[in-house]
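Commentary on secondary and tertiary structure
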Amino acid sequence: MSAVPRWALLSAGGAPLFLIGGWTLAQAAQPDEFDPVRQTISALAASNADHRWIMTIGLAGLGLCHLITALGLVTAAPAGRGLLALGGLATLVLVAFPQRPAGDSMTHVVAAGVAFGALAVWPALAVPRRVAPPLGRDHRHPPDGSAPSGPARWTAFAVAAVLLGLLGWFAVELFADGARIGLTERLVAAAEAAVPLAAVLAALASERRRGPSGPR
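Notes on the structure follow.

Reading guide: rules and limits
- Residues numbered from 1 in each chain as written.
- Predicted model: local features only at pLDDT ≥ 70, side-chain atom pairs only at ≥ 80, totals over all residues.
- Heavy atoms only, no water.
- Helix = DSSP H or I, 4+ residues; strand = E, 2+ residues; numbered from the N terminus.
- Buried < 20%, exposed > 50% of the residue type's maximum accessible area, 1.4 Å probe, protein only.
- Polar contact = N/O pair within 3.5 Å; in protein donor to acceptor, adjacent residues only side chain to side chain.
- Axes fitted to C-alpha atoms, helices over the stretch in contact; angles between N-to-C directions.
- Parallel < 35°, antiparallel > 145°, perpendicular 65-115°, else oblique.
- Left-handed = near helix turned anticlockwise from the far one by under 90°.
- Contact = heavy atoms within 4.5 Å.
- Nonpolar A, V, L, I, M, F, W, Y, C, P; charged D, E, K, R; others polar.
- Salt bridge = Lys/Arg side-chain N within 4 Å of Asp/Glu carboxyl O.

What follows deals with the side chain of Glu207. As for its placement among the helices and strands, Glu207 is situated in helix 6 (residues 181-210). The exposure class assigned to Glu207 is buried, which follows from its relative accessible area of 10%. A polar contact of 3.3 Å, which involves the side chain of Glu207, links it to the backbone nitrogen of Val4.

Structure, rendered in structure tokens:
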């Protein structure tokens, strides 16, 4: 029996579908003057947006998918899973407190910051530390049959670095009131939505390579 349940693959795959599908449909429902390169995803779910329910459902689905994936990705370290769940929860909070034209959206801004930050950092903390094998065991192969964590850890750090780089680019555009705020936000949001799917696929592929390892 697989350690990572199959429903985790469905939730991980649903995250980018909810996000990208949501903003694609919501943008199509906006007036012609809407500029996705300049305007944010939150603007599509703002209290005064046309057909705001489309992006609201997309963001709510994204948050729920991250929470479910964090629950099912049992091969990841608790710290990483906790940050993934925090990102999902913060996404639900920003849905509950949408952007408002009057500017009283501090809860929304804080929740968005927490969500972006947690979803950028979680891969770096998701790789479990390898437990040293007992005497008489081959140190190249841990007793649970898992692969050495060194390469996986460096890969996770690299993924987190890329996500943080994209997030930094978005932050620069946002605080400088740049012309690509919407574009950079969509890049980092899409990347963060896709990483949990990659993590689940990698976990399932690792289990297939190991083969049956007895009852769990």
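With their axes 11 Å apart at the nearest point, helix 2 (residues 52-72) and helix 6 run at an angle of 30° to one another. Taken together, the axes of helix 2 and helix 6 are roughly parallel relative to one another. Of the two elements, helix 2 crosses helix 6, and the hand of that crossing is left-handed. The residues of helix 6 that touch helix 2, namely those facing Leu62, His66 and Thr69, are Glu192, Ala193, Pro196 and Val200. Here the residues of the contact of helix 2 with helix 6 are counted per class, giving four nonpolar, two polar and one charged.

Moving on, we get to the packing of helix 1 (residues 6-28) against helix 6. As a packed pair, helix 1 and helix 6 sit with axes 8 Å apart at the nearest point and diverge in direction by 160°. Comparing their axes, helix 6 and helix 1 come out roughly antiparallel. For the element pair helix 1 and helix 6, the recorded crossing hand is left-handed. Where helix 1 approaches helix 6, its residues Arg6, Ala8, Leu9, Ala12, Gly13, Ala15, Pro16, Leu19, Ile20, Trp23 and Gln27 are matched on the opposing element by Arg186, Ala189, Ala190, Ala193, Pro196, Leu197, Val200, Leu201 and Leu204. In terms of residue class, the contact of helix 1 with helix 6 is made up of 16 nonpolar, two polar and two charged.

Attention now moves to the pattern of salt bridges. A side chain of one charge can pair with a side chain of the opposite charge if their charged atoms are brought near each other. Evaluation of the coordinates by the stated rule reveals two salt bridges. Linking Arg38 and Asp177 is a salt bridge whose minimum nitrogen-to-oxygen distance equals 2.4 Å. Taken as a pair, Arg38 in the loop between helix 1 and helix 2 and Asp177 in the loop between helix 5 (149-175) and helix 6 lie far apart in primary sequence, 139 residues in all. Look at Asp177 and you get exposed, because its relative accessible area is 51%.

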